[in-house]
Amino acid sequence: MGLMTPTDLTVVSAALPSPEAADVLLELLDADAFTPTVWEDIETHATRLDVFLEEAAQADAVEAAIRSAAALAGVEATLTRESLPAADWAEAWKRFFHVERVSGRVTIRPSWEPYAPEPGEAVVTLDPGMSFGTGRHPTTRACLQLLDGLAAGDLARPVLDMGCGSGILSIAARKLGFTHVRGFDYDPDAVAVARENAALNGTEIPFGVRDLADNLDQGAVVLANILGPVLIAHAAEVACAVLPGGRLIASGILDTLYPEVRAAFEAQGLREERSVLIGEWRSGLFAKPGERAE
């Protein structure tokens, strides 16, 4: 979801019992209809799902979709609706986002907080606003941990970020030392945000707008933090993007669905090397047969 600058917004919010409940709702909600944002208050640990709308007329449909998903998942959700001036939003969301080390070497820093990095630390600076991808979600965190591990190998290996979102994974790859990084997303707004974030970090990364089915690029390290059902449906296209001897980091997968995702990639000739479970989300590192690209 791209950055928006309206004079005011309509906000549909759902107070939730836990971050895990929010993860389940995210999996059930239609990402093409609207983009929810999940917050966990760093002080109270209260969890909230927000949908920010430029058009107030959309609020009824959004509320109905959240109620339906909550009922299907058996999750208790208390919904509220309010009008929020953009100026208030610009400050209010900052309390949810602070400097955080998310892997051995990768640290995410909001642009307004000063931070002195340690030698060898890869600091990704973000000013996320209303865009998705701050490194706090378990799927992004797991990707960064696996990517950090791969950065111990040949940094000349080309990296391809499929479904780049905010660009956080691509930027982290550059910060970790990978010299050839590129990414794409089907959402033009996401690509615009990724480009802005890359510029904020002083990194030059080519981001394009296209779909998984239309991708012709390949990488020795492929990042696919998407959703489990999408990975299964497009396993052939994703596997084709991995160069022989390369690695695939697949994420956005609920643990209950992970066996199906693994089987889909194994059917394409990939082999699981390891997986990372954070909360209810599991991410996998897969290898493609061939001369090793590291």
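Each value, and the rule that gives it
Residues numbered from 1 in each chain as written. Predicted model: local features only at pLDDT ≥ 70, side-chain atom pairs only at ≥ 80, totals over all residues. Heavy atoms only, no water. Helix = DSSP H or I, 4+ residues; strand = E, 2+ residues; numbered from the N terminus. Buried < 20%, exposed > 50% of the residue type's maximum accessible area, 1.4 Å probe, protein only. Contact = heavy atoms within 4.5 Å. Areas by Shrake-Rupley, 256 points an atom, 1.4 Å probe, with all protein chains shown as cover. Pairing = 2+ DSSP bridges. Axes fitted to C-alpha atoms, helices over the stretch in contact; angles between N-to-C directions.

Undergrad: Could you clarify how one ought to interpret the overall build of the protein in this entry?
TA: Within the protein one finds nine helices and 14 strands. The burial tally for the protein puts 51% of its 294 residues in the buried class. By sequence separation, contacts in the protein at least 24 residues apart represent 68% of the contacts at least 6 residues apart. Carbon and sulfur atoms form 52% of the exposed surface of the protein, whose accessible area is close to 12,800 Å².

Undergrad: How do you make sense of the side chain of Thr139 when you look at a structure like this?
TA: Along the polypeptide, Thr139 turns up in helix H4 (residues 138–150). Ignoring any residue separated from it by four or fewer positions in sequence, one finds Thr139 in contact with Asn225, Ser251, Gly252, Ile253, Trp281 and Ser283.

Undergrad: Help me understand the pairing of strand E13 (residues 271–278), please; the structure alone is not making it clear to me.
TA: Within a regular beta strand, the side chains point alternately toward one face of the sheet and then the other, so they alternate between its two faces. As paired elements, E13 and strand E14 (residues 281–287) share seven bridges and run antiparallel to each other. For Glu272, the partnering residue across the bridge sits in E14 and is Phe286. What sits between the antiparallel neighbours E13 and E14 is a turn of two residues, in which Gly279 has the positive phi angle 65°.

Undergrad: How should the sheet that holds strand E1 (residues 8–16) be read in this particular structure?
TA: Sheet strands pair via backbone hydrogen bonds, and the direction of the pair is either parallel or antiparallel. Here we have four strands laid out as an open sheet, ordered E2-E3-E1-E4, and antiparallel in their pairing. Edge positions in the sheet fall to strand E2 (37–40) and strand E4 (78–85), since each of these pairs with one other strand and no more. Ignoring strand direction, the axes of neighbouring strands in this sheet form an average angle of 30°. Sheet topology places E1 next to E4; eight bridges connect them, and they run antiparallel. Each residue of the ladder has a partner; that of Ala15, found in E4, is Thr78.

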